[in-house]
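Structural overview for review
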Amino acid sequence: MDWTAFRLSVVLALWTLVLLVPFAIWLGRVLAYRRFPGRGFVEAAVALPLVLPPTVVGFYLLVSFGNLSPLGQAWQAVFGHGLAFSFEGLLFASVLVNLPFAVQPIQNAFAAIPDRMREAGATSGMPPWLVFLRIELPLAWPGIATATVLTFAHTLGEFGVVLMVGGAIPGETQTIAIAIYDRVQAFDERGAAIMSAVLLGVSVVALGLTNTFSRRVGRKARNA
């Protein structure tokens with residue numbers, strides 16, 4: 001078991017959650033409640049990582065993060081090192097590629113809240129922020145929990161984008177998924193099997209939790 005790669009994957013997943021979940025709550029709520037020009041294109045952009053091959057997503061991110069890009073040059077000037085093939089670049093890529101796994105469950109959870117629930121809070125004198133905190137968030141929490149579990153599990157298992165943007169630098173960008181690939185390349189089947197079993201266990205638990213939270217969203221929508 002490559003514990004360095006496993007710890008790096010967990011740290012990457014946790015930082016991805018810290019950056020992505022608050023944004024996903026905001027964007028998911030906007031997409032659930034508001035109608036505006038270009039809404040369909042925003043939803044399509046969020047879902048794009050689900051249909052594009054990971055190497056395609058990774059290629060565009062690598063070009064965007066490279067030292068010849070404006071973003072890469074600005075990062076180099078401010079922080080003194082490149083964005084591509086760094087943990088920071090890996091983190092930004094992880095946030096982008098996990099957008100559908102975070103936004104869509106949260107959007108569905110907010111959309112399942114009946115309008116009369118929010119209207120009742122407004123007519124009772126609650127300001128919008130209090131309606132959000134006391135009514136919307138408690139009803140949408142199963143969707144938020146689903147998004148959290150899916151994002152965490154997907155980050156641990158992501159391979160293509162991670163390899164394209166971060167490479168396989170031990171202790172810096174080599175996640176457990178890449179460590180499994182390297183073990184197979186080195187004919188270390190036992191090491192690859194142990195790490196694969198860990199990811200398999202995480203995936204089974206994540207799917208079980210996701211199904212549980214999804215059923216709770218459905219029950220809350222029916223009972224509201």
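Presented here is a report on the structure given in the accompanying data block. Throughout, residues of each chain are indexed from 1 in the direction in which the sequence is written. Local features are withheld for residues below a pLDDT of 70 in this predicted model, meaning they are given only at 70 or higher, and side-chain atom pairs are given and counted only at 80 or more; totals for whole chains, interfaces and linings count all residues. Neither water nor hydrogens contribute to the side-chain values; these are computed over all heavy atoms in the structure.

Quick look at the overall build of the protein chain now. Along the protein chain, the regular secondary structure elements total eleven helices and zero strands. Numbering of helices and strands runs from the N terminus, with a helix taken as a DSSP run of H or I at least four residues long and a strand as a DSSP run of E at least two residues long. Element order for the protein chain, N to C, with α for helix and β for strand: α-α-α-α-α-α-α-α-α-α-α. Its C-alpha atoms give the protein chain principal-axis dimensions of about 65 × 40 × 25 Å. Buried means the residue's accessible area, taken with a 1.4 Å probe over protein chains only, is under 20% of the maximum for its type, while exposed means over 50%, and partly exposed covers the values in between. Burial status across the protein chain gives 42% buried among its 224 residues. Surface exposure here means Shrake-Rupley accessible area, sampled with a 1.4 Å probe, where a residue is shielded only by the protein chains that are shown. Carbon and sulfur atoms make up 68% of the accessible area of the protein chain, which totals about 11700 Å².

Moving on: the packing of aromatic side chains. In this scheme Phe, Tyr and Trp rings, the latter by its six-membered ring, pair at centre separations within 6.5 Å, and the angle between planes marks the pair as stacked below 30 degrees, edge-to-face above 60, and tilted otherwise. Taken as a whole and judged by the stated rule, the model has nine aromatic pairs. Taken together, a centroid distance of 5.6 Å and an interplanar angle of 90 degrees make the contact between W75 and F92 edge-to-face. A residue pair is termed long-range when its members are at least 10 positions apart, and W75 in helix α4 (residues 70-79) and F92 in helix α5 (residues 87-97) qualify at 17 residues. Judged by its relative accessible area of 31%, F92 is partly exposed.

A pairing counts as a salt bridge when a side-chain nitrogen of Lys or Arg comes within 4 Å of a carboxyl oxygen of Asp or Glu. This model, assessed by the stated rule, comprises four salt bridges. Among the salt bridges present, the one from E136 reaches R29, with a minimum N-O distance of 2.5 Å. In this pair, E136 is assigned in helix α8 (residues 128-157) and R29 in helix α1 (residues 3-33), connecting sequence segments 107 residues apart. When its relative accessible area of 1% is taken as the criterion, E136 is described as buried. Looking at R29, the relative accessible area reads 25%, which means it is partly exposed. One salt bridge in this structure joins R118 and D115, with 2.9 Å as the shortest N-O distance. Placement of both R118 and D115 in helix α7 (residues 115-123) is noted, with a separation of three residues, approximately one turn of the helix.

Another point: the packing of helix α6 (residues 99-111) against α8. Axes here mean lines fitted to C-alpha atoms, for a helix over just the part in contact, with angles spanning 0 to 180 degrees between N-to-C directions. The interhelical angle for the contact between α6 and α8, taken along N-to-C directions, is 155 degrees, at an axis separation of 8 Å. With respect to their mutual orientation, α6 and α8 come out roughly antiparallel. By crossing handedness, the relation of α6 to α8 is classed as right-handed. Each of F101, A102, P105, I106, A109 and F110 in α6 lies in contact with α8, whose residues at this interface are F132, E136, L137, A140, G143, I144, T146, A147, L150, T151 and H154. Roughly parallel here means an angle under 35 degrees, roughly antiparallel means over 145, roughly perpendicular means 65 to 115, and every remaining angle is called oblique. What makes a crossing left-handed is the near helix being turned counterclockwise from the far one by less than a right angle; a clockwise turn instead makes it right-handed. The contact rule is simple, with two residues in contact once any of their heavy atoms fall within 4.5 Å.

This part takes up unusual backbone geometry. Within the chain, F85 stands out as a residue other than glycine whose phi angle is a positive 60 degrees. Here F85 is to be found in the loop between α4 and α5. Unusually for a residue other than glycine, F187 sits at a positive phi of about 65 degrees.

With that settled, the discussion passes to the side chain of T146. Along the polypeptide, T146 turns up in helix α8. We classify T146 as buried; its relative accessible area is 5%. Polar contact is defined as a pair of N or O atoms within 3.5 Å, subject to the rule that within protein one atom must be able to donate a hydrogen and the other to accept it, and that residues adjacent in sequence are counted only when both atoms are side-chain atoms. Reaching out from T146, the side chain makes a polar contact with the backbone oxygen of P142 at a distance of 2.9 Å.

The next subject is the nonpolar core. Most often, soluble globular proteins keep nonpolar side chains buried together rather than apart. Put simply, a nonpolar core is a bunch of buried Ala, Val, Leu, Ile, Met, Phe, Trp, Tyr and Cys residues held in one set by side-chain atoms that sit within 4.5 Å of each other. I25, V103, I106 and F110 are the most contacted members of the largest nonpolar core, which totals 28 residues. Within the residue set of this core, elements represented by two or more residues are α1, α5, α6 and α8. When residues of this core are assigned to their parent elements, the largest contribution, eleven residues, is made by α1. Aside from chain neighbours lying at most four places away, what touches I106 is A24, I25, G28, G143, I144 and A147. Of all hydrophobic cores here, the second largest spans ten residues; its members include V57, W75, A84 and V165.

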